[in-house]
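Residue-level structural notes
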Amino acid sequence: MLNRFVAISLLFALIGSNFSRFFIYAGFEVNQKYISEKLCENKNRPWMHCNGKCFLMKKLKQAEEKEKKQERENQRSHYMEALPTVASSFTFKRPTVKTIYPERPVLNTTHRAFSIFQPPKALNLQA
């Protein structure tokens, strides 16, 4: 039960971070009347027919800047993780025991004195 709850909450967190613009648009559509009446920057200029879109653009820009800032912080933290804190040195040691395997003949095979795989012989064509 606890595993299922953790999985669902992580899923919602992942979806929330990836679809933040969608949530801003959805919130704007749901509250468009309130935004256009109370929060709109151009409510004194009704001939512009803004209807709260200026507020929407401001919120989208804030979300985009937040995402960029988050990405810069992530890159900075990855860069700091890549830097070594202590110089470490190590050497490779050769193995002290060498294992020698004896040759064992394979049963029912023919041993030939010459190699099967040989390059083709050049032809001497004289005209």
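Because the structure is a prediction, the values reported are computed rather than measured.

Time to look at the overall build of the protein chain. Within the protein chain one finds four helices and zero strands. Residues counted as buried form 9% of the 127 residues belonging to the protein chain. A sequence separation of at least 24 residues applies to 38% of the contacts in the protein chain between residues at least 6 apart. Accessible surface, the protein chain: about 13300 Å² in total, of which carbon and sulfur atoms supply 59%.

Before going further, it helps to examine the environment of Cys 50. For Cys 50, the location among the structural elements is in the loop between helix H3 (32-39) and helix H4 (53-82). In this structure, the C-alpha to C-alpha distance between Cys 50 and Ser 36, residues 14 residues apart in sequence, is 7.8 Å. When neighbours within four sequence positions are excluded, Cys 50 is seen to be in contact with Cys 40 and Asn 42.

Here we come to a nonpolar patch on the surface. Residues Leu 11, Ile 15, Phe 19, Phe 22 and Phe 23 make up a contiguous nonpolar surface patch of about 500 Å² in total accessible area. Within the residue set of the nonpolar patch, elements represented by two or more residues are helix H1 (2-18) and helix H2 (20-30). By the secondary structure assignment, Leu 11 is in helix H1.

Here we take up the pattern of salt bridges. Think of it this way: side chains of opposite charge can pair up when their charged atoms draw near. Throughout the structure, instances matching the rule amount to two salt bridges. With its nearest N and O atoms 3.8 Å apart, the salt bridge here joins Glu 64 to Arg 21. With Glu 64 in helix H4 and Arg 21 in helix H2, the pair connects residues that are 43 residues apart, well separated along the chain. Judged by its relative accessible area of 40%, Arg 21 is partly exposed. Several salt bridges converge on common partners, so that one network encompasses Arg 21, Glu 64 and Lys 68.

Rules used in this analysis
Residues numbered from 1 in each chain as written. Predicted model: local features only at pLDDT ≥ 70, side-chain atom pairs only at ≥ 80, totals over all residues. Heavy atoms only, no water. Helix = DSSP H or I, 4+ residues; strand = E, 2+ residues; numbered from the N terminus. Buried < 20%, exposed > 50% of the residue type's maximum accessible area, 1.4 Å probe, protein only. Contact = heavy atoms within 4.5 Å. Areas by Shrake-Rupley, 256 points an atom, 1.4 Å probe, with all protein chains shown as cover. Patch = residues over 30% accessible without salt bridge, like charges linked within 9 Å, V, L, I, M, F, W, Y side chains within 5 Å. Salt bridge = Lys/Arg side-chain N within 4 Å of Asp/Glu carboxyl O.

Treat this as a map of the structure, not an account of what it does.
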